[in-house]
Amino acid sequence: MAPEPDRRSFLSFATFGIGAIFSAVLGIPLGAYFLDPRHRKGPKSDLKLVSDVTLADLVVGTPPMQGVIRDTRTDGWTLYPNDVLGRVWVVQLGVRPNLTTPAKVEEFNASAMPAKEAYVIVFTTICPHLGCSVNLDGAGTGFACPCHAATFVLNGARAAASNPALRGMDTLEWEIDPEDPDANRIKVKYQNFKSLQVAKEPMS
Ligand code: FES
């Protein structure tokens, strides 16, 4: 026998009410999770932290330091959370600017690359000739590629006209990590560039 209309309405309201209560119980914490700023995605930055380099350890005229760029990488179904994407050379060319307050760091980071490179210049370690990894030369006063003997001076320019590399080492955009209270860590826009050409052109 079909339930009476009143009984049917009651059952519908009861079902709806229980569903609403469950939604509220589950939804409130979920909403709070996403409203909490700690769980919101920040602006996506393409700048990556350089590990193993502290600006305080660099001195003008001393050998540059090599830093490592790490990030999460996926390969098919495999996730590599701290994979090495590449390496960079970090060279101090000028005196350290005043970076004693967050406002000074922000002002420095907003300056154009040539101004930043008057202090520190960052290159990818990849040789612009055919992509080998460029090392420090024996004296630590420049760079030398082990593959076909390209050489570069400390600011990354080609060291000799007979150089097999058609351009200097590829500089990367960088900034002081704004979250570092000591203004000693740096972040770079890590990129690869096309080899065997005079012009510096990012790989697409
Ligand atoms: S790859 Fe560096 S000189 Fe050829």
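Here the residue index of a chain counts from 1 through its sequence in written order. Selection of residues for local features in this predicted model requires a pLDDT of at least 70, selection of side-chain atom pairs for listing and counting requires 80 or more, and totals for whole chains, interfaces and linings are taken over all residues. Values reported for side chains reflect all heavy atoms of the structure, with hydrogen atoms and water molecules removed beforehand.

1. Some thoughts on the sheet that holds strand β4 (residues 120–124)
So the rule is basically this: In this scheme, strands are said to pair when DSSP sees at least two bridges between them. What counts as a helix is a DSSP run of H or I of at least four residues, what counts as a strand is a run of E of at least two, and both are numbered from the N terminus. To get an axis, a line is fitted to the C-alpha atoms, and for a helix only the part in contact is used. The angle between two axes follows their N-to-C directions and goes from 0 to 180 degrees.
Spatial ordering of the open sheet is given by β4-β3-β2-β1-β9-β8, a layout of six strands whose pairing is antiparallel. If you trace the sheet from one side to the other, it starts and ends with β4 and β8 (174–176), each paired once. Put simply, the sheet's adjacent strands are angled 40° from each other on average, direction ignored. The pairing of strand β2 (residues 65–75) with strand β3 (residues 78–92) spans 10 bridges and is classified as antiparallel. Residue glutamine 66 lies in a different strand from β3, and its bridge partner there is tryptophan 89.

2. So, empty space enclosed by the protein
Over the atoms rolls a probe the size of a water molecule, and its path tells where empty space is left. Quick note on the threshold: Definitions used for this entry: grid spacing 1 Å over protein atoms alone; cavity, a set of points where a 1.4 Å probe fits but cannot get out; pocket, an open set with protein on both sides within 12 Å along at least 5 of 7 lines; lining residue, one with an atom within 4 Å of a point. Grid points are joined across faces, edges and corners, and a volume is the space filled by probe spheres set on the points. In the scheme used here, Gly and all other residues not listed as nonpolar or charged are polar, with Ala, Val, Leu, Ile, Met, Phe, Trp, Tyr, Cys and Pro taken as nonpolar and Asp, Glu, Lys and Arg as charged.
Counted under the stated rule, the structure contains one cavity of 30 Å³ or more. Size it by volume and the largest cavity reaches roughly 50 Å³. Along the walls of the largest cavity sit Thr124, Ile126, Cys127, Pro128, Arg167, Asp170, Asn192, Phe193, Lys194 and Ser195, which together make up its complete lining. For the lining of the largest cavity, the class distribution of residues is four nonpolar, three polar and three charged.

3. So, the pattern of salt bridges
Applied cut-off: Salt-bridge detection follows one rule: a side-chain nitrogen of Lys or Arg within 4 Å of a carboxyl oxygen of Asp or Glu. Throughout, exposure labels follow a simple rule: accessible area from a 1.4 Å probe, protein chains only, divided by the maximum for the residue type, with under 20% read as buried, over 50% as exposed, and the rest as partly exposed.
This model, assessed by the stated rule, comprises six salt bridges. The salt bridge involving arginine 167 is made with aspartate 170; its shortest N-O contact spans 2.8 Å. Both residues of the pair, arginine 167 and aspartate 170, count as buried. Ionic pairing is found between lysine 194 and glutamate 201, a salt bridge with its closest N-O pair at 3.0 Å. Using a relative accessible area of 30% as the deciding quantity, one classes lysine 194 as partly exposed. One connected set of salt bridges, linked through shared partners, spans Arg73, Asp75 and Asp83.

4. Notes on the packing of aromatic side chains
Quick reminder of the rule: Working definition: rings of Phe, Tyr and Trp (its six-membered ring) pair if their centres are within 6.5 Å, and the pair is stacked with planes under 30 degrees apart, edge-to-face with planes over 60 apart, and tilted otherwise.
By the definition in use, this model includes five aromatic pairs. Ring centres 6.2 Å apart and planes at 75° place the aromatic pair phenylalanine 108 and tyrosine 119 in the edge-to-face group. Here tyrosine 119 lies in the loop between α3 (113–117) and β4 and phenylalanine 108 lies in helix α2 (residues 102–109), a separation of 11 residues in the sequence. With relative accessibility at 2%, the residue tyrosine 119 sits in the buried group. Ring centres 6.3 Å apart and planes at 55° place the aromatic pair tyrosine 119 and tryptophan 174 in the tilted group. Residue tyrosine 119 is located in the loop between α3 and β4, and its partner tryptophan 174 is located in strand β8; the two are separated by 55 residues in the primary sequence.

5. Structural notes on the nonpolar core
Applied cut-off: The nonpolar core is taken to be a set of buried Ala, Val, Leu, Ile, Met, Phe, Trp, Tyr and Cys residues, with the residues joined through side-chain atoms within 4.5 Å. We call two residues contacting when some pair of their heavy atoms lies within 4.5 Å.
Core analysis: the largest hydrophobic core is formed by 22 residues, its most contacted members being Val88, Val90, Val120, Val122, Trp174, Ile176 and Val188. Listing elements by their share of this core, those giving two or more residues are β3, α2, β4, β8 and β9 (186–188). Not counting the four nearest positions on each side in its chain, valine 188 is found in contact with Asp46, Leu47, Lys48, Val50, Ile69, Val122, Leu172, Glu173 and Trp174. Counting 13 residues, the second-largest nonpolar core is a separate cluster that includes Phe123, Cys127, Phe152 and Met169.

6. A closer look at the sheet that holds strand β5 (residues 135–136)
Pairing between the strands of a sheet is mediated by backbone hydrogen bonds and can be parallel or antiparallel. Pairing is antiparallel in the open sheet, where three strands are placed in the order β5-β6-β7. With partners counted over all chains shown, the strands left at the sheet margins are β5 and β7 (151–153), one partner each. Relative to strand β6 (residues 142–144), β5 is paired through two bridges, and the arrangement is antiparallel. Residue pairing for β6: asparagine 135 is matched across the bridge by alanine 144.

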